[in-house]
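# Summary of structural features
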Amino acid sequence: MARRVRSFWVNTPAIVENPEKHVAELEYLGADELFLLSIVGEGTLYPSKYFVSSDQSKDRDLVGPVITEAEKRGMRVHAWVVAFNRPSKELSAAHRDWYVINRNGESCIDKPPYVPSYLWLCPSQEAPIEYLLGGIQELVERFNVNGIHLDYIRLPDVFLPEALRLRYGLERDREVYKPEFDFCYCDTCRKGFKKDHGIDPLVIEYGSRHWYEWVSWRADRITDFVTRFHKSVKDYDTTVETSAAVFATPGLSYRYVFQHWGVWPLDHFEPMIYHEYYGKQVEWVGEAVAEGVSTGRKIVAGIMLEFLRKREEVERATETAIEKRGAGRMFLRIPHSASGTKGEHQVGPCQSVT
Ligand SMILES: [Zn+2]
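Only a predicted model underlies this, so the values are computations on that prediction, with no experimental measurement involved.

## Details of the overall build of the chain
Secondary structure summary: the chain contains 10 helices and 9 strands in total. If one aligns the C-alpha atoms of the chain with their principal axes, the spans along those axes are about 55 × 45 × 35 Å. Out of the 354 residues belonging to the chain, those deemed buried represent 45%. Long-range pairs, those at least 24 residues apart, make up 73% of the contacts in the chain with a sequence separation of at least 6.

See the structure below:
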């Protein structure tokens, strides 16, 4: 019998006025552990000496009081960290060169793909990598948490899940390549790839043999970051778990957002199996779980309650996920929508995990 753990992604700013009440509600819902939003795109949700703090937390720690409530109730806490998506005005003004550039040579700061908040750091450059790792180090030293959980650990979507495509004027049934959604072509990325493969990525044609080397090279940069993150957390404290919210299946993750997560060294993975974004029925949750566990990694299935409109659908999603776990261990992780707030549906599953 597999161990079952019930976890919730928790939008910290939404519960900060009354953490005691909301954490008690989560306890009532059977929460064993919380994935607690701690660093968002704009910055930390606590005053930081190292990182940009978000506007609401320059003088106020939003995270600590929730951890205290969770600890009182014996829940485990993972600090949830938005990684490469950093729409901070302060950071983008100070370090324009850290941000990704599309195939047309435009910075995401000037031409953000899909939505205005899509400002992303380049995973090939040493300076932004050290900045992120330093911020995570401060977080793990400051709070008593059981784990660190990465989100937005990828490049912008070169392709969108099919049910989201029409919103952006794309064809629903086909993956149409657009250079404005293809990142990163900064000098560091171009030179790095040329050094390894002898060709400038700018001259590579989409779909050619070199194209697949270029996709793989970019995925390796994300993997390098994840490997360094994992090592730095474990060097600090081997008992702190590492994990990441990844796209629904290893195949989709690699093709759409350069996540080769089957080879990442993390302790567990929370694929966001939000079936409706992919135009699928509830049963697909089980298929995605089966593909995930085939990598040999420990999977926590992330399901979207908003797409499960009846009690029976929640049960079906849960059952199919558990049934398809194969030899793998199976957990459930559910986005928690506190105080009636709801994530704005922009692009990509992560956006609605609130
Ligand atoms: Zn780059």
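We are not done yet, so read on.
## A short note on unusual backbone geometry
Leave glycine aside and you will find that most residues have negative phi; peptide bonds, for their part, are mostly trans. Backbone torsion omega between Phe183 and Cys184 reads 5 degrees, so that peptide bond is classified as cis. When you line up the elements, Cys184 lands in the loop between β5 (147–151) and α6 (187–197). At Tyr152, a position not held by glycine, the phi torsion is positive, near 50 degrees. By the element assignment, Tyr152 lies in the loop between β5 and α6.

## Considerations on the environment of Arg76
Tracing the chain through its elements places Arg76 in strand β4 (residues 76–82). Sequence separation between Arg76 and Asp97 is 21 residues; the distance between their C-alpha atoms is 38 Å. Excluding anything up to four places from it in sequence, Arg76 contacts Asp32, Glu33 and Asn146.

## A word on helix α10 (residues 311–323)
For α10, spanning 13 residues, the distance from its first C-alpha to its last is 18 Å, which sits close to the expected 18 Å at 1.5 Å a residue. Among all positions of α10, only Ala317, Thr318, Thr320 and Ala321 are buried.

## A closer look at the environment of Phe143
Within the element layout of this structure, Phe143 appears in the loop between α5 (126–142) and β5. On the basis of neighbour counts, which here come to 17 C-beta atoms within 10 Å, the residue Phe143 falls in the partly exposed class. Remark: the alpha-carbon pair of Phe143 and Phe307, spanning 164 residues in sequence, is separated by 33 Å. The residues touching Phe143, leaving out its near neighbours within four places in the chain, are Val63, Gly64, Ile67 and Ala79.

## Here's the deal with the confidence of the model for the chain
Of all residues in the chain, 91% attain a pLDDT of 70 or more, and the chain-wide mean is 88. Residue range residues 326–354 is modelled with pLDDT below 50. Its contacts to residues more than four positions away, or to other chains, number 86 contacts.

## Here's the deal with the packing of helix α2 (residues 19–28) against helix α3 (residues 64–72)
α3 packs onto α2 with a crossing angle of 45 degrees between their chain directions and a minimal axis gap of 9 Å. One element, α2, and the other, α3, form an angle in the oblique class. When the axes of α2 and α3 are compared, the crossing they make is right-handed. Here α2 contributes Pro19, Glu20 and Val23 to the contact with α3, which in turn contributes Pro65, Val66, Glu69 and Ala70. For the contact of α2 with α3, the per-class residue count stands at 5 nonpolar, no polar and 2 charged.

Scoring rules and cut-offs
Residues numbered from 1 in each chain as written. Predicted model: local features only at pLDDT ≥ 70, side-chain atom pairs only at ≥ 80, totals over all residues. Helix = DSSP H or I, 4+ residues; strand = E, 2+ residues; numbered from the N terminus. Buried ≥ 20, exposed ≤ 12 C-beta atoms within 10 Å, placed from the backbone. Contact = placed C-beta atoms within 7 Å. Expected span 1.5 Å × (residues − 1). pLDDT = per-residue confidence, 0-100. Axes fitted to C-alpha atoms, helices over the stretch in contact; angles between N-to-C directions. Parallel < 35°, antiparallel > 145°, perpendicular 65-115°, else oblique. Left-handed = near helix turned anticlockwise from the far one by under 90°. Nonpolar A, V, L, I, M, F, W, Y, C, P; charged D, E, K, R; others polar.

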